Structure formats: structure tokens, C-alpha cells
Amino acid sequence: MTDHTPALVALLVALDTRITVHDGTGEDLSPGPRLHVYGGTQNPENRSYGHTAPNRGTVWQVVCVSNTQAGARTLSRRVTDTLDSRVLGGSLLRVRFVSQPIEDRDDPSAWRWSSTVEITHHI
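What counts and how
Residues numbered from 1 in each chain as written. Predicted model: local features only at pLDDT ≥ 70, side-chain atom pairs only at ≥ 80, totals over all residues. Heavy atoms only, no water. Helix = DSSP H or I, 4+ residues; strand = E, 2+ residues; numbered from the N terminus. Contact = heavy atoms within 4.5 Å. Areas by Shrake-Rupley, 256 points an atom, 1.4 Å probe, with all protein chains shown as cover. Buried < 20%, exposed > 50% of the residue type's maximum accessible area, 1.4 Å probe, protein only. Arc of directions from axis to C-beta. Expected span 1.5 Å × (residues − 1). Polar contact = N/O pair within 3.5 Å; in protein donor to acceptor, adjacent residues only side chain to side chain. Pairing = 2+ DSSP bridges. Salt bridge = Lys/Arg side-chain N within 4 Å of Asp/Glu carboxyl O. Axes fitted to C-alpha atoms, helices over the stretch in contact; angles between N-to-C directions. Parallel < 35°, antiparallel > 145°, perpendicular 65-115°, else oblique. Left-handed = near helix turned anticlockwise from the far one by under 90°.

S.K.: How do you make sense of the overall build of the chain when you look at a structure like this?
M.R.: Within the chain, the secondary structure is distributed over two helices and seven strands. Contacts in the chain between residues far apart in sequence, at least 24 positions, make up 57% of those at least 6 positions apart. Of the roughly 7100 Å² of accessible surface on the chain, 51% is carried by carbon and sulfur atoms.

Shown next, in the form of C-alpha cells:
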């Protein structure tokens, strides 16, 4: 199975040069808005639509980090607008869930608001 994570990250990098995009490796505590991409592995579900060929799904989570609640919400909306219904590897991406912004009060930086966007890709 082809790993489409680099292509998904490239779509997010093209979103805005001021937003740092990480592919889930390492922790970044630098100031500024950022996106952390996690997942890209096959979902354990294996479906047969209409009793035809099996269809395996991939799931990613994009954590949108900002310094305000409104900023996290704006980032998650931009990620959703960029990825939902986009064709990747011949199949559509689908945004299945967007969380409400949450605050990490234990984070000493000002960049402690985040919202998570969950994307699926069935091939």
C-alpha cells in the first residue's frame, strides 16, 4: 500500500508559508501557528462496498495549534477546506471530524490552543 502522508503534508505546506507543518516527528515548541500530522496508517476496518472489492482506509489526525481559540478554529477550518473532497492517489479525502478548540493550561507558551481534524482516505 502506498503511503500518501508526504502528499498530504505537501498540501498542508502549500496552505500558508507562515504555518509550520510537522509530519508527527518530534515536538515543536516554537512560536507561531503550526500543524502536526499524525497517522497515515491503515485503519483496521476492511469494507466491501456493495459486496465488491475490499476497500481499506487510512486515517490521519491534523492537530492545529494557535495562540487563541479563534486561531485554532480558523486553522482547522482552513485544513478542512483544503483537504475535504480533495483527490489523493485516485481517491477522495474526507474530513470526518473536527474537534472544538481546547486549551492546554499546562503549556507554558502562549501557543496552547488546539483543534484536531480527522481525515480518512479509502482506496
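Read on, since the account is not over.
S.K.: Any chance you could explain helix α1 (residues 5–13) here in plain terms?
M.R.: Three or four residues apart is the spacing at which side chains of an α-helix point the same way, because the helix has 3.6 residues per turn. Within the sequence span of α1, burial applies to Thr5, Leu8, Val9, Leu11 and Leu12. Buried positions in α1, seen along its axis, are confined to an arc of 155° and lie on one side of it.

S.K.: Quick question: what am I supposed to make of helix α2 (residues 69–83) here?
M.R.: In this model α2 runs 21 Å from its N-terminal to its C-terminal C-alpha over 15 residues, within 8% of the 21 Å that 1.5 Å per residue would give. Those residues of α2 that fall on the buried side of the exposure criterion are Gly71, Ala72, Leu75, Ser76, Val79, Thr80, Thr82 and Leu83. Residue Ser85 follows α2 closely and has a positive phi angle near 70°.

S.K.: How do you make sense of the side chain of His36 when you look at a structure like this?
M.R.: Following the sequence through the fold, His36 ends up in strand β2 (residues 34–48). Using a relative accessible area of 5% as the deciding quantity, one classes His36 as buried. At 3.3 Å, the side chain of His36 and the side chain of Arg34 are in polar contact.

S.K.: I'm lost on the pairing of strand β7 (residues 113–122) in this one. Help?
M.R.: Burial analysis of β7 places eight of its 10 residues in the buried class, which makes it a mostly covered element. As paired strands, strand β6 (residues 102–103) and β7 are joined by two bridges and run antiparallel to one another. Residue pairing for β7: Ile102 is matched across the bridge by Ser114.

S.K.: Please explain the pattern of salt bridges as it appears in this structure.
M.R.: Two side chains carrying opposite charge are able to pair once their charged atoms lie near each other. Inspection of every chain in the model, using the stated rule, returns four salt bridges. In this structure, Arg78 engages Asp16 in a salt bridge whose closest nitrogen and oxygen atoms are separated by 3.3 Å. Placement of Arg78 in helix α2 and of Asp16 in the loop between α1 and β1 (20–22) is noted, with a sequence separation of 62 residues between them. Here Arg78 falls in the partly exposed class, since its relative accessible area comes to 31%. On the basis of relative accessibility, which here comes to 11%, the residue Asp16 falls in the buried class. Among the ionic pairs, Arg105 bridges to Glu103, the shortest N-O distance being 3.2 Å. Several salt bridges share partner residues, and in doing so they unite Asp16, Arg18 and Arg78 into one network.

S.K.: Explain the packing of α1 against α2 to me, please; I cannot follow it from the model alone.
M.R.: Axis angle and axis distance: for two packed helices, these are the angle between their axes and the distance between the axes, and together they describe the pair. Running from N to C, α1 and α2 point in directions that differ by 120°, and their axes come no closer than 10 Å. Our classification of the angle between α1 and α2 gives oblique. Between α1 and α2 the crossing geometry is right-handed. Of the residues in α2, those in contact with Leu8, Leu11 and Leu12 of α1 are Val79, Thr82 and Leu83.

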